[in-house]
Amino acid sequence: MRAFSAVTGMAFLVGWTGAALAGPMQTGAGTMEVIPVVEGLDTPWAFDFLPGGDVLVTERGGRLLVVRDGEPQEVRGTPRVVDQGQGGLLDVLVPEDFSETREVFFTYAKRQGLRGSGTAVYRAQLSEDLSRLTDGRVIFEIVRGTGGGFHFGSRLVEGPDGTLFVTIGDRGDGPKAQDLSMHNGSVLRITRDGAPAPGNPFLDTDGALPEIWSYGHRNPQGAAMDGSGQLWVAEHGARGGDEVNRIDPGVNYGWPVISYGVNYDGSNIGEGSQKDGMAQPVHYWDPSIAPSGMTFYDGSVSDWAGNGFVGSLKFDYIARMAGDPLTEVEQLKSDETLRVRDLDQGPDGMLWFLSVGNGALYRIAPDENS
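Predicted model, so just to flag it, every value in this text is computed and none were measured.

### Observations concerning the overall build of the chain
Working step 1: The helix and strand inventory of the chain stands at 1 helix and 25 strands.
Working step 2: Whereas a compact globule of 370 residues would reach a radius of gyration of roughly 21 Å, the chain reaches 20 Å, a difference of no more than 12%.
Working step 3: With the C-alpha coordinates of the chain rotated into their principal frame, the extents come out at 55 × 45 × 40 Å.
Working step 4: The proportion of buried residues among the 370 residues of the chain is 60%.
Working step 5: Of the roughly 14600 Å² of accessible surface on the chain, 46% is carried by carbon and sulfur atoms.

Rendered as C-alpha cells:
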C-alpha cells in the first residue's frame, strides 16, 4: 500500500465553498457550479458520507481517505487488495446506524487461490478519531470461479430492512451469469454478517446459491435505491447494450443469452435481444457509455426531484434519467465530468461525483450569480 504524501506533486484542494475554483455547467435546471471538494486522488472508485458531513473515499490501489474539516487523511487498516485490472479497493458503504455501531462496509478484489481473485465484502469499525479501521473481517466472498482482473461489479446498497445488496460482475465469463451455482453475474442480498438474507428467492432451490437475488447480469457497476425502496442497477454491456435494470427477486436479466450489444469483434451475442423468461432492460444505451455509479436525487434542485443519475466513464458526462419508464433525458457535462466513477447526494442537498480522469471529488450547486 502506498504512503500518503503531499510530495507527489498533486496538491489537495478542499472545502465546500471553493466558488473561485468552480467551473460552469449548463443544465435544464439552470447554470450550475462544479466545485472541487478534494483533488489529487489516485484512481478513486467510491465515496460515502459520515454523519456530520465527513467523506470517505476509496482509491482502487487500496487506500482509504477521510476528508474531515477540509483536510484529507489516510485511514489505516484496510484489507489487503488485489490491485489488478479492474480489481482493488472498490465500494464503501456507511450504513444508517453508523452513529451507534461505527461499522463501515467495503467491497474489494480478494486473493482466491494462488493467482485468482474475487469480489469480497469487508466489515470494520471506524475509530472515533477517523484514523483507522478496527475489528475488520471478511463477511462474504464469492465462490471461486474465474480468474483475471475483469468485471468485479462491486456496488453496495443498504436495503430498507438493513440487509446489503451486492452487485457481482460475470468476471469475464459470461455463461456463468446463467449458472445459479456461481455468484458470477448476479445481485446478492446478504445480512450484515454475510449470511443469505431471509426471504431470498433461491433459499430452497437445489443447486442454487442462497445469496442470489437476481442473475443474468454482465458487470453492474452502478446501483441505487429509489425513494420507494426499489433497487436499480446500471451495468456494462459489451459493444453497445449498456443497461439500466429494475431489480426484482428471482429475475433472470438475460446475459449472455440476450443483449442489445454485440461482441467487441462485431459478432452477435447469444440469441438476440429478447427471450421468454428473461427481463428486458428499462433503458439501454447503444453505443455504450460505460455506466458507473448511480443515485436517485431528492435534494435542493427541485427540477431534479426523483430523478436518477448515472455516470459515464466513456463519454465523460452524467446522465439524468426521468420518466416512466426511466430514460436518459439530459447529459450533464463540463470539464470536470471526465470519466465519472461514482455519484451520491450530499448532506448539503447537492449532487456530488467522483471523476477518475481528474482524480477529484466535486459537488454541483446552483450558480448564485446566474
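### Points about the packing of aromatic side chains
Working step 1: Per the counting criterion, the structure on display carries 11 aromatic pairs.
Working step 2: Their ring planes at 90° and their centres at 4.9 Å tell us that Phe49 and Trp352 sit as a pair that is edge-to-face. Here Phe49, found in strand β3 (residues 44-49), pairs with Trp352, found in strand β24 (residues 351-355); they are 303 residues apart in sequence, far enough to count as distant. The residues Phe49 and Trp352 share a single accessibility class, namely buried.
Working step 3: Considering the side-chain rings of Tyr108 and Tyr122, the 6.2 Å spacing of their centres and the 90° angle between planes classify their relative orientation as edge-to-face. In this pair, Tyr108 sits in strand β8 (residues 103-112) while Tyr122 sits in strand β9 (residues 116-126), placing the two residues 14 residues apart along the sequence.
Working step 4: Each residue in the set Phe47, Phe49 and Trp352 is aromatic and connected to the rest through ring pairs, giving one cluster.

### Comments concerning empty space enclosed by the protein
Working step 1: Under the criterion given, the structure shown has 1 cavity of 30 Å³ or more.
Working step 2: Size it by volume and the largest cavity reaches roughly 60 Å³.
Working step 3: Broken down by class, the residue content of the lining of the largest cavity amounts to 3 nonpolar, 5 polar and 3 charged.

### Here we look at the sheet that holds strand β10 (residues 133-141)
Strands belonging to one sheet form pairs held by backbone hydrogen bonds; the direction of such a pair is parallel or antiparallel.
Working step 1: Strand order in the open sheet formed by 4 strands is β7-β8-β9-β10, with antiparallel pairing between adjacent strands. Looking at strand neighbours, the two that pair on one side only are β7 (89-93) and β10, the edges of this open sheet. Strand-to-strand twist in this sheet, taken as the mean axis angle between neighbours without regard to direction, amounts to 30°.
Working step 2: Two strands pair when backbone bridges link them, and β8 and β9 are joined in this way by 10 bridges, in the antiparallel orientation. Bridge pairing in β9 places Lys110 opposite Gly118.

### Focus on the pattern of salt bridges
Working step 1: Applying the stated rule across the entire model yields 18 salt bridges.
Working step 2: When salt bridges that share partners are traced, they join Asp97, Glu103, Arg123, Arg137, Arg192 and Asp193 into one network.

### Observations regarding the confidence of the model for the chain
Working step 1: Predicted confidence across the chain gives a mean pLDDT of 93, with 94% of residues reaching 70 or more.
Working step 2: Note that pLDDT drops below 50 for residues 1-20; the model gives that stretch 48 contacts with residues more than four away or on any other chain.

Rules and cut-offs
- Residues numbered from 1 in each chain as written.
- Predicted model: local features only at pLDDT ≥ 70, side-chain atom pairs only at ≥ 80, totals over all residues.
- Heavy atoms only, no water.
- Helix = DSSP H or I, 4+ residues; strand = E, 2+ residues; numbered from the N terminus.
- Rg over C-alpha atoms; globule rule 2.2 N^0.38 Å.
- Buried < 20%, exposed > 50% of the residue type's maximum accessible area, 1.4 Å probe, protein only.
- Areas by Shrake-Rupley, 256 points an atom, 1.4 Å probe, with all protein chains shown as cover.
- Phe/Tyr/Trp six-rings, centres within 6.5 Å; stacked < 30°, edge-to-face > 60°.
- 1 Å grid on protein atoms, 1.4 Å probe; cavity = no way out; pocket = protein on both sides within 12 Å on 5 of 7 lines; lining within 4 Å.
- Points joined across faces, edges and corners; volume = space filled by probe spheres on them.
- Nonpolar A, V, L, I, M, F, W, Y, C, P; charged D, E, K, R; others polar.
- Pairing = 2+ DSSP bridges.
- Axes fitted to C-alpha atoms, helices over the stretch in contact; angles between N-to-C directions.
- Salt bridge = Lys/Arg side-chain N within 4 Å of Asp/Glu carboxyl O.
- pLDDT = per-residue confidence, 0-100.
- Contact = heavy atoms within 4.5 Å.

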